Amino acid sequence: MPVVKVGMVSGSGLDADTLNGFRASLTPAPNVIVPLDASGILDLSATYVKSSVYTFRRVDLTNATSDYMLQVGEEAYISFSDATSVPLRIATQSGTYYECHLICSNAYNASGTSAAVFLNPNNTTYANAFVYAEIYRNSTGLGSTYITYSAFRCAWNFSNSTFFITNFTQYKNVRGFHDIYGTTNDAPVIVAFSTDWRDATTVWTSLGTITFPQATSGYILVRRLA
Amino acid sequence: MKVWAYIHPQLNILCCALLPEAVPEGVQAVEFEVSSSDDLILDNGQIRLKTEAEKLAEEKQKKFEELKQYVALLLSPTDYVITKISEAQILNDTAEVVALKQKYLAQLQQRKAIRQWNEQMKQAIQNAQSLEELMEIVIEFKE
């Protein structure tokens, strides 16, 4: 049980400003106790919180030059501006599972190219190895699509897309839902989709690159859940 | 954009690395400058750029599919009219068929207009001589 040492006599060898030998500071650092700040906030933004099973931390991978392996619970933030290709720079391995939010900031009435947004696993396209299924509702009515691609389709044109990524070497899938905007007469559109990588042997080691059909701005959040 | 194209050693399919470091170790890749990785094709074991005619044919197929889906969406709100008339025909209720055709005349005329427009669009897509010409075709039905 911790012992609070207060009011020790100077020169006793015990420091009255420590708790079990740990000093306090508003600046997080190794072996330092961080109190609530003047606003009553525990500000650990310079470091992170970790248990044996979960890590609370956001890492900014914008402009990262090599892949980073997220810990379970850890979240990556990647911002982009007028980009057609955004490498996520996230390492992955069989058995992992992620939640991803692709948020576009272009104007609702921006004119986009009517084409797919892809997640290219391993920063690579694999010819016709992906099958995509969707159900959508646009201004005309309810429709569906079932089609083959060379990467995971995860959005269309300009989108805000939330999707979940399963990575087992023997079963690799991306599924979720998104809106679509920037089209002539369809928006808003809501889409529910699922896309399989029909390949049970290729190892998925890098989460990959998001490619857009037109210059796009916004940010991406990826949280590892398993 | 630059891509590094190679043949997957196990699956024997065309792969395009979007970053040079994404090419697997020990695999020979060829660098291409393309507008999309879809511009490349594996042809008899050789990776090459698609010809303009090949690209046009592919885009036409996509446009046909887009048109087909759009027309299905346009027709679906009045499908119930066809179901009702078909049911009356199956029951040999001629009077009901005539009555339904009269009742739903506006819907039937709209369906006819959609189908005529669909045929015109199919012809326009088929007749497109270039990608630019094809991309200018906007699939939007106006009553």
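Residues numbered from 1 in each chain as written. Chains lettered and ligands numbered in written order. Predicted model: local features only at pLDDT ≥ 70, side-chain atom pairs only at ≥ 80, totals over all residues. Heavy atoms only, no water.

Novice: Can you explain the pairing of strand S19 (residues 209-224) of chain A? Please cite residues and give values.
Specialist: All names here are of chain A. Counting buried positions along S19 gives 12 out of 16 residues, so the element sits mostly inside the fold. Here strand S8 (residues 75-87) pairs with S19 via 10 bridges, running antiparallel. Looking across to S19, one finds that Phe80 is bridged to Gly218. In this structure, strand S10 (residues 96-104) lies alongside S19, joined through seven bridges in antiparallel fashion. Considered in S19, the bridge of Cys104 is made with Gly218. (Buried < 20%, exposed > 50% of the residue type's maximum accessible area, 1.4 Å probe, protein only. Helix = DSSP H or I, 4+ residues; strand = E, 2+ residues; numbered from the N terminus. Pairing = 2+ DSSP bridges.)

Novice: How would you sum up the nonpolar core? Please name residues and give values.
Specialist: Residue and element names in this part refer to chain A. Judged by nonpolar contacts, the single largest core of 56 residues is most densely connected at Ile90, Leu119, Phe163, Ile165, Ile210, Ile220 and Val222. Broken down by element, this core gets its largest block of residues, five residues, from S8. If near-sequence neighbours (up to four positions away) are discounted, Ile220 is found in contact with Ala76, Tyr77, Ile78, Phe80, Val86, Leu88, Cys100, His101, Leu102 and Ile210. (Core = buried A, V, L, I, M, F, W, Y, C linked by side-chain atoms within 4.5 Å. Contact = heavy atoms within 4.5 Å.)

Novice: Can you lay out the packing of aromatic side chains for me, pointing to particular residues and giving the numbers?
Specialist: Residue and element names in this part refer to chain A. The full count for this structure, using the stated rule, is 18 aromatic pairs over all chains. One aromatic cluster is present, built from ring pairs that chain together Tyr126, Phe130, Phe152, Trp197 and Trp204. The ring centre of Tyr48 lies 3.6 Å from the NZ or CZ of Arg57, which sits over that ring. Seen from the ring of Trp197, Lys172 lies directly overhead, with NZ or CZ sitting 4.7 Å from the centre. (Phe/Tyr/Trp six-rings, centres within 6.5 Å; stacked < 30°, edge-to-face > 60°. Lys NZ or Arg CZ within 6 Å of the ring centre and 35° of its normal.)

Novice: Tell me about helix H2 (residues 79-90) of chain B, and name the residues and values.
Specialist: Residues and elements named next belong to chain B. Over its 12 residues, H2 extends 17 Å from the first C-alpha to the last, a length consistent with the 16 Å expected when each residue adds 1.5 Å. Buried within H2 we find Val81, Ile85 and Ala88. Down the axis of H2, the smallest arc covering the buried residues is 60°, so these residues share one side. Looking at the buried side of H2, the elements it contacts are helix H3 (94-103) and helix H4 (105-127). Among the residues trailing H2, Asn92 stands out with phi positive, at a value near 55°. (Expected span 1.5 Å × (residues − 1). Arc of directions from axis to C-beta.)

Novice: Outline the interface of chain B and chain A, listing residues and values.
Specialist: Contacts between the two partners involve 18 residues from chain B and, on the opposite side, 24 residues from chain A. Where chain B packs against chain A, one counts one salt bridge. Ionic pairing is found between Glu21 of chain B and Arg89 of chain A, a salt bridge with its closest N-O pair at 3.0 Å. Along the contact surface separating chain B from chain A lie seven residue pairs in polar contact (both at pLDDT 80 or more). Taken together, the elements giving at least two residues each to the side of chain B that touches chain A come down to strand S2 (14-17) and helix H1 (52-75) of chain B. Counted by class, the side of chain B that touches chain A contains 13 nonpolar, three polar and two charged residues. Note that strand S12 (residues 124-126) of chain A and S2 of chain B share three bridges and pair antiparallel. (Salt bridge = Lys/Arg side-chain N within 4 Å of Asp/Glu carboxyl O. Polar contact = N/O pair within 3.5 Å; in protein donor to acceptor, adjacent residues only side chain to side chain. Nonpolar A, V, L, I, M, F, W, Y, C, P; charged D, E, K, R; others polar.)

Novice: Which residues make up unusual backbone geometry, and what values go with them?
Specialist: Residue and element names in this part refer to chain A. Phi at Asn20 is positive, roughly 50°, even though this residue is not glycine. Note that Asn20 resides in the loop between strand S1 (18-19) and strand S2 (22-24). Positive phi is not limited to glycine here, since Asn157 has a value of about 60°. The topology assignment puts Asn157 in the loop between strand S15 (152-156) and strand S16 (160-168). On the basis of relative accessible area, Asn157 is assigned to the buried category, the value being 0%.

Novice: Describe the packing of H2 of chain B against H4 of chain B, listing the residues and the values that go with them.
Specialist: Residues and elements named next belong to chain B. Between H2 and H4, the least distance of the axes is 10 Å, while the angle of their chain directions is 115°. Relative to H4, the element H2 is oriented roughly perpendicular. Here H2 runs over H4; the crossing is left-handed. For the pair H2 and H4, contact is made by Asp79, Tyr80, Val81, Ile82 and Ile85 and by Gln107, Leu108 and Arg111, respectively. For the contact of H2 with H4, the class distribution of residues is five nonpolar, one polar and two charged. (Axes fitted to C-alpha atoms, helices over the stretch in contact; angles between N-to-C directions. Parallel < 35°, antiparallel > 145°, perpendicular 65-115°, else oblique. Left-handed = near helix turned anticlockwise from the far one by under 90°.)

Novice: For the pattern of salt bridges, give the residues involved together with the corresponding values.
Specialist: Using the criterion set out here, one finds 15 salt bridges over all chains in the structure. Note that Glu99 of chain A is salt-bridged to Arg223 of chain A, the shortest N-O span being 3.4 Å. Of this pair, Glu99 of chain A sits in strand S10 while Arg223 of chain A sits in strand S19, and the two are 124 residues apart along the sequence. Assessed through its relative accessible area of 16%, Glu99 of chain A is described here as buried. Note that Glu119 of chain B and Lys122 of chain B form a salt bridge whose closest N and O atoms lie 3.3 Å from each other.

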